[in-house]
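Here is what each chain is made of, one letter per residue.
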Amino acid sequence: AEQLLLEEQKKDDIDSGQIIVIKPDTGRILAMANFPSFNVNNYSKVGDLDLFQNSAVQKLYEPGSVFKPFMMAMGLQEGKITPDSIFIDTGSATIGPDTVRNFDQKVYGSGDMSYILEKSINTGAVFLSQQISHSTFLDYLDKLDFNKKTGLDVQAEAYSRNEYLKNGSPFGFATASFGQGIQMTPIQLVRAFCVFANGGRLVKPFVVEKITHGQDSVITKPEISAPIFSEQTANQVRQMLINVVEKGFGDGAKIPGYYLAGKTGTAQVPIPGKKGYEPDKTIQSFIGFGPALNPQFLILVKLDNPKVPKSSLSAVPIFKKLSQY
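Residues numbered from 1 in each chain as written. Predicted model: local features only at pLDDT ≥ 70, side-chain atom pairs only at ≥ 80, totals over all residues. Heavy atoms only, no water.

1. A short note on the environment of Leu-322
Then comes step 1: Looking at where Leu-322 falls in the secondary structure, it is placed in helix H11 (residues 315–324).
Then comes step 2: On the basis of relative accessibility, which here comes to 15%, the residue Leu-322 falls in the buried class. (Helix = DSSP H or I, 4+ residues; strand = E, 2+ residues; numbered from the N terminus. Buried < 20%, exposed > 50% of the residue type's maximum accessible area, 1.4 Å probe, protein only.)

Shown next, in the form of structure tokens:
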């Protein structure tokens, strides 16, 4: 994972990046890599103290379109849509005085619910958000633990609170549906995404597998939640995530002989201390798991400001290489 981030820096000149690999059935962290990094043997020579931050668990960000599967699951779970429901995209959605448009101003026309994820249609995510109430949306954020720590056994874990969403405007909820104006850490996202690999259940992530003290050993036991979504809902979203890889924007992740499930994301970056977003910066990511019908790993690749236009050119090839490994 660290090597792939180094290669990506040379290829696409990323500012920084993180990769997390987890076993979605138990929560065991298999890899957690950050770029840029430092030599632990020479930590006193590090000039930039930000390098000591573990961005995978200590840095909040707006995730972008990798959030859309959660929106889909909410709509399915609440019985507001079925996988066969049809959405017609006109390229924009108006909420009060504001308008939401698709990436690159594209118009996608008519398709089923899977099509919204395959083509990562922003207006489709807004449509999903309009099927449920704001209070229901906020309830699911709480159930998915997007407003508290994961409890990962590393120091100084940060977490989102998303307080401004609780009194949010209709436009704020609309943009949250496609992952803008909502914050989380990479580990919060990874933990929540495990519901699609786990039949709707959360796992508690952990790094330390065993503690040995003299003759005694304490083995970390997986902690698995009650279902957040029904197994049917989780499986329906999983099939859509398989479609993203098989015939959608994630098709660069395909590996012959295996089904993989995943979602692309290209998110705008807020301007620090001001309203609005950076005009020329993005966070590009891909999150997915495999083999899709018997998941053994779940991978998040998050890249800060690659010098390419979208995640299918940056994060998706890294996910493929790590999955092949």
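Picking up after the structure, the text goes on.
2. So, the sheet that holds strand S2 (residues 29–35)
Then comes step 1: Ordered in space as S2-S1-S11-S10-S9, the five strands form an open sheet in which the pairing is antiparallel. The sheet is open, and its two borders are formed by S2 and strand S9 (261–270), each paired with just one other strand. Along the sheet, successive strands turn relative to each other by an average axial angle of 10°, direction set aside.
Then comes step 2: Pairing geometry for S9 and strand S10 (residues 277–290), over nine bridges, is antiparallel. Counted as the bridge partner of Lys-263 is Ile-287 from S10. (Pairing = 2+ DSSP bridges. Axes fitted to C-alpha atoms, helices over the stretch in contact; angles between N-to-C directions.)

3. Here's the deal with the nonpolar core
Then comes step 1: Within the largest apolar cluster, 63 residues are counted, with the highest numbers of intra-cluster contacts made by Phe-67, Phe-70, Met-72, Met-74, Met-113, Phe-137 and Phe-196.
Then comes step 2: In terms of residue count, the dominant contributor to this core is helix H3 (residues 68–77) (six residues).
Then comes step 3: Sequence-distant contacts of Phe-67, that is, excluding residues within four places in its chain, are made with Met-74, Phe-137, Leu-141, Phe-146, Ala-176, Ser-177, Gly-179, Ile-182 and Met-184.
Then comes step 4: Among the nonpolar cores identified, the runner-up in size contains 21 residues, and Leu-4, Leu-5, Ala-315 and Leu-322 belong to it. (Core = buried A, V, L, I, M, F, W, Y, C linked by side-chain atoms within 4.5 Å. Contact = heavy atoms within 4.5 Å.)

4. Quick notes on the packing of aromatic side chains
Then comes step 1: Tallied over the entire structure, the rule returns twelve aromatic pairs.
Then comes step 2: Geometrically, the ring pair formed by Phe-67 and Phe-70 is tilted, given 5.5 Å between the ring centres and 45° between the ring planes. In this pair, the class of Phe-67 matches that of Phe-70, namely buried.
Then comes step 3: Pairwise contacts between aromatic rings join Phe-67, Phe-70, Phe-137, Phe-146, Phe-173, Phe-193 and Phe-196 into one cluster.
Then comes step 4: Above the face of the Tyr-61 ring, Lys-302 is positioned so that its terminal group lies 4.6 Å from the ring centre. (Phe/Tyr/Trp six-rings, centres within 6.5 Å; stacked < 30°, edge-to-face > 60°. Lys NZ or Arg CZ within 6 Å of the ring centre and 35° of its normal.)

5. What about the side chain of Ser-129?
Then comes step 1: Structurally, the position occupied by Ser-129 is in helix H5 (residues 122–129).
Then comes step 2: Taking the relative accessible area as the measure of exposure, Ser-129 reaches 12% and is therefore buried.
Then comes step 3: From its side chain, Ser-129 meets the backbone oxygen of Val-126 in a polar contact 2.8 Å long.
Then comes step 4: Discounting chain neighbours no more than four positions away, the residues touching Ser-129 are Met-71, Phe-173, Ala-174 and Ser-177. (Polar contact = N/O pair within 3.5 Å; in protein donor to acceptor, adjacent residues only side chain to side chain.)

6. What about unusual backbone geometry?
Then comes step 1: A cis amide bond, omega -5°, links Phe-35 with the succeeding residue Pro-36.
Then comes step 2: Notably, Asp-13 is not glycine yet its phi reads approximately 55°, a positive angle.
Then comes step 3: Position of Asp-13 relative to the elements: it lies in the loop between helix H1 (2–12) and strand S1 (16–22).
Then comes step 4: Look at Asp-13 and you get partly exposed, because its relative accessible area is 40%.
Then comes step 5: For Asp-145, which is not a glycine, the phi torsion comes out positive at approximately 60°.
Then comes step 6: Here Asp-145 lies in the loop between helix H6 (134–143) and helix H7 (163–166).
Then comes step 7: What makes Asp-145 buried here is its relative accessible area of 12%.

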